[in-house]
Amino acid sequence: MTAPEDRDIDALAAEYALGTLDADERAEAAARRQREPYLDAAIVDWERRLAPLLDNVDAAAPPEDLFQRIEARIAGAASPAATPIAPSMPPTPILTAGDDPRRARSGGAQGEVVRLRRRVAAWRTLAVAASVALAALVGVLVYRPAFVVRQPDQRYVAVFQDDDKAPRFVMSVDLASRQVTIRPIDAAPAPANVYQLWIVAEELGEGPQSLGLLDGVDRPTRKTLAHVTPAALEGALFGISLEPPGGSPTGKPTGPALHGALIPMSTGGE
Amino acid sequence: MTPADLARLLDRIAEGDRAAFQAVYDATSAKLFGVVLRILRDRDVAEDILQEAYVRIWDNAARFDATKASPITWMATIARNRAIDEVRRRRPRLSDDAEALERIADPAPSPARQAEAREDLGRLDDCLKALEGERAQMVRLAYLDGLSREELAVRFGHPVGTIKSWLRRSLMQLRDCMDL
């Protein structure tokens, strides 16, 4: 800890751990620690030094149902030890595996993936043909199937809609920050039901994995998918299903679902 | 639940053990909620952040390293970092409030803390006491209440630049004191 630049790194780590960096500085430090082990180690040291102060914080009981809400967000994202699929679970309109014999073991994920990938291929063709700008999105929403519109800088958009109905949700994804924003367009769940977001990506294991509940139909939901790599996100399929309060009880979609996909495109188009 | 118990449960969480996750949640959620609520001062927002924190704990349990941090420090740090991210993103919020001052006026430590932590806190407390004037209070307000430099500047009546350099100097002094 003698070189001036070491001192700078330690000072940055200290202020990061203390929490007094402004939003931009903080985001930059968070990004740097991912690729600078020295900075990361310095931050961990500082977190350890300051953490005893947390003993001064009074405990506060979170609401009773909070753990269920957390479980809904991790549902399906677990290892094979996770909740098994109930064999009697009704098939969902979107993620139906047909007679795939593997369904009993895995929820028919492979069949779903194959089936959905075919749809992606169709969407890709359409999306490339359409090649519409985001500004035109509203104008094209009336067409089906879902258009997927590329924006600059690794941003993607997918549209969720019933086969013959108006779009229900539009989702935008920023691959770099792994942030997704789902905006309800014309979605009205039955009273007491909730919408749950799902992802199908080979990297995450078989079958749809829960990405948690949407915040409601009157405002956008934002999520940071820290556990999904940009590559997996790019090729993933997404579903939004209608579920009972608290989310799917089985860890897999149980209600009617809408689907959408982000189409990976090269910078110059395909 | 001892730190060793929590560390074993984190190992099981890394393998996808939901029962272990529930046990860890039951043992730690009130503490973590207290941490984020104090910074965010809004129950709804704090609930969202607490959810995100536990999702991260679930996702990252395999990265927990008992040689670097105690389990509760590791978890509380995840929750606190998310809360600070959020509060910085949501600026500006009210720059000063009497409630936070009251809390600082009565920094009585919780009797429930662990012996191991007590020793660490004792040392940190001693080093904080060695800081000049109001600087220990600035560090506490920043760390526990999530105050920004600007909010500290308003509260203590100094320019932001002065606060910044004081914080920096205080932190270096703390490090030297604690690493002795």
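The preceding data block contains the structure.
As a starting point, this report considers the structure included with it. (Residues numbered from 1 in each chain as written. Chains lettered and ligands numbered in written order. Predicted model: local features only at pLDDT ≥ 70, side-chain atom pairs only at ≥ 80, totals over all residues. Heavy atoms only, no water.)

## Side note on unusual backbone geometry
Residues and elements named next belong to chain A.
Then, number 1: Within the chain, Arg178 stands out as a residue other than glycine whose phi angle is a positive 60 degrees.
Then, number 2: Tracing the backbone through its elements, the reader meets Arg178 in the loop between strand S3 (167–174) and strand S4 (179–184).
Then, number 3: The partly exposed category is assigned to Arg178, whose relative accessible area is 25%. (Helix = DSSP H or I, 4+ residues; strand = E, 2+ residues; numbered from the N terminus. Buried < 20%, exposed > 50% of the residue type's maximum accessible area, 1.4 Å probe, protein only.)

## A word on the interface of chain A and chain B
Then, number 1: Listed by partner, the interface residues are 53 residues for chain A and 60 residues for chain B.
Then, number 2: Summed over both partners, the interface of chain A with chain B comes to about 5300 Å²; 60% of that surface belongs to carbon and sulfur atoms.
Then, number 3: The tally of links between chain A and chain B comes to eight salt bridges.
Then, number 4: Between B:Arg149 and A:Glu25 there is a salt bridge, with the nearest N and O atoms lying 3.1 Å from each other.
Then, number 5: The tally of links between chain A and chain B comes to 19 residue pairs in polar contact (both at pLDDT 80 or more). (Contact = heavy atoms within 4.5 Å. Buried area = accessible area lost by both parts, 1.4 Å probe. Salt bridge = Lys/Arg side-chain N within 4 Å of Asp/Glu carboxyl O. Polar contact = N/O pair within 3.5 Å; in protein donor to acceptor, adjacent residues only side chain to side chain.)

## Here's the deal with the pattern of salt bridges
Opposite charge on two side chains allows them to pair when their charged atoms are near.
Then, number 1: Within the structure shown, the criterion is met by 23 salt bridges over all chains.
Then, number 2: Between B:Asp85 and A:Arg26 there is a salt bridge, with its nearest N and O atoms 2.5 Å apart. Note that B:Asp85 is positioned in helix H4 (residues 71–89) and A:Arg26 in helix H2 (residues 23–35), a pairing that runs across two chains.
Then, number 3: Looking at A:Arg26, the relative accessible area reads 2%, which means it is buried.
Then, number 4: Among the ionic pairs, B:Glu132 bridges to B:Arg135, the shortest N-O distance being 3.7 Å.
Then, number 5: Residue class for B:Arg135 comes out buried when judged on its relative accessible area of 11%.

## Re the pairing of strand S8 (residues 237–243) of chain A
Then, number 1: A large share of S8(A) lies buried, amounting to seven of its seven residues.
Then, number 2: Residues of S8(A) alternate between two faces, with A:Leu237, A:Gly239, A:Ser241 and A:Glu243 on one and A:Phe238, A:Ile240 and A:Leu242 on the opposite face, all of them buried.

## So, the packing of aromatic side chains
Then, number 1: Tallied over the full model, the rule gives seven aromatic pairs over all chains.
Then, number 2: On the basis of an interplanar angle of 80 degrees and a centroid distance of 4.9 Å, the ring pair of A:Phe169 and A:Tyr195 is categorised as edge-to-face. Here A:Phe169 is found in strand S3, whereas its partner A:Tyr195 is found in strand S5 (residues 194–200), with 26 residues between them in sequence. For the pair shown, A:Phe169 and A:Tyr195 are each scored as buried.
Then, number 3: Here B:Phe21 and B:Trp58 contribute two aromatic rings whose centre-to-centre distance is 5.1 Å and whose plane-to-plane angle is 65 degrees, an arrangement assigned as edge-to-face. Of this pair, B:Phe21 sits in helix H2 (residues 18–40) while B:Trp58 sits in helix H3 (residues 43–60), placing them 37 residues apart in sequence.
Then, number 4: On the basis of relative accessible area, B:Phe21 is assigned to the buried category, the value being 0%.
Then, number 5: One aromatic cluster in this structure is built from A:Phe67, B:Phe21, B:Tyr25, B:Tyr54 and B:Trp58. (Phe/Tyr/Trp six-rings, centres within 6.5 Å; stacked < 30°, edge-to-face > 60°.)

## Description of helix H9 (residues 160–178) of chain B
Then, number 1: Counted at 1.5 Å a residue, the expected span for H9(B) with its 19 residues is 27 Å, and the 27 Å between its end C-alpha atoms agrees.
Then, number 2: By the burial criterion, the buried members of H9(B) are B:Ile163, B:Trp166, B:Leu167, B:Ser170, B:Leu171, B:Met172, B:Leu174, B:Arg175 and B:Met178. (Expected span 1.5 Å × (residues − 1).)

## Observations regarding the nonpolar core
Then, number 1: If you look at the biggest cluster of nonpolar residues, it comprises 81 residues, and the most contacted ones within it are B:Leu40 and B:Leu152.
Then, number 2: Per-element tally for this core: the top contributor is H2(B), with eleven residues.
Then, number 3: In this structure, B:Leu40 is in contact with B:Val45, B:Ala46, B:Ile49, B:Ala83, B:Glu86 and B:Val87, ignoring residues within four places of it in sequence.
Then, number 4: Counting 26 residues, the second-largest nonpolar core is a separate cluster that includes A:Phe160, A:Ile182, A:Ala201 and A:Ala236. (Core = buried A, V, L, I, M, F, W, Y, C linked by side-chain atoms within 4.5 Å.)

## Observations regarding the side chain of A:Thr221
All names here are of chain A.
Then, number 1: Within the element layout of this structure, Thr221 appears in strand S7 (residues 221–224).
Then, number 2: Residue Thr221 is classed as buried on the basis of its relative accessible area, which comes to 1%.
Then, number 3: In terms of polar contacts, Thr221 uses its side chain to reach the backbone amide nitrogen of Asp215, at 2.7 Å.
Then, number 4: Discounting residues that sit within four places of it in the chain, Thr221 has contacts with Val180, Thr181, Ile182, Leu213, Leu214, Asp215 and Gly216.

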